[in-house]
Amino acid sequence: MNYEIKDISLADRGKMRIEWARSMMPVLRLIEERFHKEKPLREIRIAACLHITSETANLVKALKEGGANVFLCASNPLSTQDEVAASLVKDYGISVFAIRGEDKKTYYEHIHSVLKIEPQITMDDGADLVSTIHSEKRDFPIIGGTEETTTGVIRLRSMANEGVLRYPIIAVNDANTKHLFDNRYGTGQSTIDGILRATNMLLAGSTFVVCGYGWCGKGIAMRARGMGARVIICEVDPLKALEAVMDGYLVMPLKEASSLGNIFITSTGDKGVIREEHFKEMRNGAIVANAGHFNVEIDLDGLERLSIRKRKIRESVEEFTLKDGRKINLISEGRLVNLSSAEGHPSLVMDMSFANQALSCEYLIKKGGNLERRVYSVPSEIDKKVAKLKLESMGIEIDELTEEQKIYLSSWKIGT
Ligand code: ADE
């Protein structure tokens, strides 16, 4: 078996983490049990480029139970849980290529390693796998792929718009049971978790600046406010900015917020959001972190240019000293803070995201041959099924429409 991980002797710790996560992933468990019986992915080769966490391990296990041969690499150099990677290799026989803290060269070598199986399905989080296949003009036949995150979906849509996308992709991120929960509650909680683990800051009474008011930004702002922070939202989209205003936040340009904030967090999906002009205004001791997929949201070169000194002051914090003596603290090199300084989204929410992944994969195998080379939404039957199973797993019942209500809703003739 091929693999490249940090240390196989970490496997026992990893196995316990995987089992702990499994206990909080009831929907994925049900899918795994059905996959075990029906083998809908029999002999399908899947290359998965995902954050290597205990939740991902449970997704990969479910795919394997379905009959797939899965090769796994990391979708971010700093998010790999090495003990989970070790257990996947030792206890579950999965070929994993990922080491926490790997450099860019190794990161791409690992992507190449999973491509050696000439996958029939690709599973991506950020679209590095798909973009590598396309930029290197790999031409083995591919049934389809799935994409986990907003940034990846944006990249893939632009490939489809340029007419270069070679095979159909299902945008798992766009399922309601994904982004309304994972992005909002998952990123919301785990971003705060990452900031707190890295800094041990008191949020109560602090001024917390969130750049970007998409579903992730909404979740982060909501949780920061819940812990007593004064939250400022910075946006470029008038609609989202208006939403933030009516949700009760202060809204202003980042240039203005820069001199007010104690903590700054980016979650926009774009590059160069916090730049030199902003660092120049920041207060002594400001904390800066990123919750977006790539580490391009904070202009690190700009911060370096302004600084005369830097040192690692805590496990995940670098302190930059500016020429006038002010200090700016950067968490996890500007990489996504929830996975690099904490454990990523909690299992209970990844349960739904990865249920969508597993079911979309099954769908691609059934229907892939009839799909076009574009980005598809998760079929609404899958989305609804995941919501229904999740509610059932929580022991929550809901009402049903009466026959009279169904007729009323389907008729345009009945008014009052
Ligand atoms: N993305 C965000 N949180 C994650 C997690 N816990 N596992 C895998 N991917 C994630």
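See above for the structure.
Residues numbered from 1 in each chain as written. Predicted model: local features only at pLDDT ≥ 70, side-chain atom pairs only at ≥ 80, totals over all residues. Heavy atoms only, no water.

1. Focus on the overall build of the protein chain
Then comes step 1: The secondary structure content of the protein chain amounts to 17 helices and 15 strands.
Then comes step 2: Since a compact globule built from 416 residues should have a radius of gyration of about 22 Å, the 22 Å found for the protein chain is in line with a globular shape.
Then comes step 3: Overall, the protein chain is about 70 × 65 × 45 Å in size when its C-alpha atoms are taken along their principal axes.
Then comes step 4: Across the 416 residues of the protein chain, 54% fall into the buried class.
Then comes step 5: For the protein chain, the proportion of contacts with a sequence separation of at least 24, taken over those separated by at least 6, is 69%.
Then comes step 6: Surface exposure of the protein chain reaches about 19,100 Å², of which carbon and sulfur atoms provide 51%. (Helix = DSSP H or I, 4+ residues; strand = E, 2+ residues; numbered from the N terminus. Rg over C-alpha atoms; globule rule 2.2 N^0.38 Å. Buried < 20%, exposed > 50% of the residue type's maximum accessible area, 1.4 Å probe, protein only. Contact = heavy atoms within 4.5 Å. Areas by Shrake-Rupley, 256 points an atom, 1.4 Å probe, with all protein chains shown as cover.)

2. Things to note about the pattern of salt bridges
Then comes step 1: A complete count under the given rule lists 30 salt bridges for this structure.
Then comes step 2: Where Glu-343 meets Arg-17, a salt bridge forms, and the shortest distance between an N and an O atom there is 3.0 Å. In this pair, Glu-343 is assigned in the loop between helix 14 (337–340) and helix 15 (347–367) and Arg-17 in helix 1 (residues 11–22), connecting sequence segments 326 residues apart.
Then comes step 3: With a relative accessible area of 35%, Glu-343 lands in the partly exposed category.
Then comes step 4: Close ionic contact of Glu-372 with Arg-374 constitutes a salt bridge, the shortest N to O distance being 3.5 Å.
Then comes step 5: Classification of Arg-374 by relative accessible area gives partly exposed; the value is 38%. (Salt bridge = Lys/Arg side-chain N within 4 Å of Asp/Glu carboxyl O.)

3. Observations regarding a nonpolar patch on the surface
Then comes step 1: A cluster of nonpolar side chains, Leu-401, Ile-407, Tyr-408, Leu-409 and Ile-414, forms an exposed patch at the surface whose accessible area comes to about 500 Å².
Then comes step 2: Mapped onto the elements of the fold, Ile-414 is located in the segment after helix 17 (403–410).
Then comes step 3: In this structure Ile-414 comes out as partly exposed when scored by relative accessible area, which is 37%. (Patch = residues over 30% accessible without salt bridge, like charges linked within 9 Å, V, L, I, M, F, W, Y side chains within 5 Å.)

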